[in-house]
Amino acid sequence: MKTGSKFWTVVVALLGAGVCGHTHAPASTADPLRVSRAGAAASTPLTVREHGSGWRAETATRALEVGSELQLRVFLKKEGRWTTLSPPEGLPPGFSVRAGGVVRTFRVAGKPSLEHAQPSRFGPAERVLLEAANPAGDLALRLMIDFPQRHPDAILLQARFANSGPTAVQLADTALAALRLRAPAVSDDGVHFWSFNGGGIFGCKDYILPVRAGFSHHNNCAPIGGDLGGGTPFVDLWRPEMGVAIAAVEAWPILASLPVAAGKSGEVDLFLKTTPAVTLAPGSAHTTPAIMLVAHEGDFYDPLVRLRELMADLGVRADTQYHPDDYAPTWGTWAFKKLFTMETMLAQTRRMKLYGLRELIMDDGWYDYFGDWQPLASKFPRGAADVRALVDRLHQEGMTLRLWWTPGVADLESALGRAHPDWFIHDSSGSPAKASWTSYFLCPAHRPVREAMARLVKRFIKDLDVDSFKLDGPCLNAAPLCHHPAHQHARPEESFEQWPDLFNFVRAEAKQLKPDFRIELCPCGVT
């Protein structure tokens, strides 16, 4: 890789949601990677009782308290004693919305209901249902709290906001499962908590960070420009006493962020923020993504595994069909940046054989334009024939070639860009949306774009006979919303949501042509 990405390595290893992010398999299929240091405790009955001005739902090892304004406290039983990092007072409302420029909170109305062994997307669950309303009386909230039997250390929350008034309500954004945690002690170096931050950000920055006074991290998983956004909607905060993880759990990318902010007194606030930007007509409703809460011991490992298992319940599965060459050492032309030549590569193959390296990566610098992907005439005078001759030579030597490129983007001045300007994603102002380097995003939800990607894959494999791809670029993490009228999207979010499907599509097309074809993802510099 040109730039390392520790975040991508960790998330792909644990979640397996890179190229295979949308592999829809039956939810009943066993997850072959189900591994956790904590193990899977047996399911225990759920009890609900009144607690102060609110309610407490409790199993043998986990508990969730919900206050009268939906304030949340999370508990873990350790060595027979209940432990929490949630202070008893001064908690923020657990669920709120911004509508009409005003933040609206809710109060619990009536008693919760408890339902046993209810079917859910995550298997049978013990379920608590809470009804709440905002003081103005124009919005009602139903909060569903599930304790899934297959995942006894996870609590799943999902809210439904309904317009109970006589006029339409513009729902701008939501603050979901808001938590306030307080460190019982601060280390000598001022660390309140350690944190895992799942939102993508450019610059190869650390994602496991100490949380000190004044710490702030937006963890934006939506596309926000400047190679920012994307990633995994997951945040974990932990200390020696316990940890608490929060994540959004859906089978498609979510326009969300998970802000984390630390005050001076050792308190840390975190929540899931979504931006539905929908208008609720009287009687209509908006349902939020499912939200995972995990109270745990140790660091982020167990909660991240639990997220992977919950995603598997939704059909998003880790790819366990690894090829031995996936982990084999390689040599890439990026050692010479873009200054490599045919002679450079042939000379390196002799050195590669000495060290037992079998795969050569022809990296950035071999092509003319993003989108056209024609061999650069200054390096390959005969064009594709020269590249094919190089590949044939490598194959004769028992070696393979990995080709660098970026699907779903094109230069505006490329032949593709000039012939099909209507294929690009347009922002809300009607301008093409910038991708990595000199390129701009093509819309993955526009059928002609996928057809063009299929033709590219066929050309690379059939005509050039390459053995694997290196898909590179910070833009791999997320595509922006598309407002191009010619695409006739039902919602602008379709381009963002279908961006991972484009890579799955490339992978499927490649494997249809070469069953043992391999793909490397390199979201260059994004952690």
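Up top is the structure.
Treat the numbers as computed from the prediction; the structure is a model and nothing was measured.

Asker: Give me the lowdown on the overall build of the chain, citing residues and values where you can.
Answerer: When helices and strands are tallied, the chain shows seven helices and 31 strands. At 25 Å, the chain has a C-alpha radius of gyration in line with the 24 Å of a compact globule built from 527 residues. Over its C-alpha atoms, taken along the principal directions, the chain stretches across nearly 80 × 55 × 45 Å. The proportion of buried residues among the 527 residues of the chain is 56%. Of the roughly 21,800 Å² that the chain leaves accessible, carbon and sulfur atoms contribute 54%.

Asker: Break down the packing of helix 3 (residues 342–354) against helix 4 (residues 384–396) for me, with residues and values.
Answerer: In the contact formed by helix 3 and helix 4, the axes pass within 11 Å of each other and the chain directions differ by 5°. Put simply, helix 3 runs roughly parallel to helix 4. Residues M342, M345, L346 and T349 of helix 3 pack against D386, L390, R393 and L394 of helix 4.

Asker: Give me helix 2 (residues 301–313): which residues, what numbers.
Answerer: Here helix 2 contains 13 residues, and its C-alpha end-to-end distance of 19 Å stays within 8% of the 18 Å for a straight helix at 1.5 Å per residue. With respect to burial, helix 2 is a largely interior element, 12 of its 13 residues being buried. Considered for burial, the residues of helix 2 that qualify are D302, P303, L304, V305, R306, L307, R308, E309, L310, M311, A312 and D313. Looking one or two places after helix 2, you find G315, whose phi comes out positive at around 95°.

Asker: Quick one: what's the story with the environment of L357, residue by residue and with numbers?
Answerer: Residue position: L357 is located in the loop between helix 3 and strand 26 (359–362). Under the relative-accessibility criterion, L357 is labelled buried at 17%. Remark: the alpha-carbon pair of L357 and M399, spanning 42 residues in sequence, is separated by 8.1 Å. Look past the residues within four positions of L357 in its chain and what remains in contact with it is P329, T330, W331, M352 and M399.

Asker: So what about the state of the cysteines? Which residues, and what values?
Answerer: Summed over all chains, the structure comprises zero disulfides. Summary of cysteine pairing: C475 is not part of a disulfide, and the nearest cysteine sulfur, belonging to C524, is at 9.9 Å. C475 sits in the buried class, given a relative accessible area of 3%. A disulfide-free cysteine, C524 has its sulfur positioned 5.1 Å from the sulfur of C522, the nearest such atom.

Rules of the game
Residues numbered from 1 in each chain as written. Predicted model: local features only at pLDDT ≥ 70, side-chain atom pairs only at ≥ 80, totals over all residues. Heavy atoms only, no water. Helix = DSSP H or I, 4+ residues; strand = E, 2+ residues; numbered from the N terminus. Rg over C-alpha atoms; globule rule 2.2 N^0.38 Å. Buried < 20%, exposed > 50% of the residue type's maximum accessible area, 1.4 Å probe, protein only. Areas by Shrake-Rupley, 256 points an atom, 1.4 Å probe, with all protein chains shown as cover. Axes fitted to C-alpha atoms, helices over the stretch in contact; angles between N-to-C directions. Parallel < 35°, antiparallel > 145°, perpendicular 65-115°, else oblique. Contact = heavy atoms within 4.5 Å. Expected span 1.5 Å × (residues − 1). Disulfide = S-S within 2.5 Å.

These figures capture arrangement, not role.
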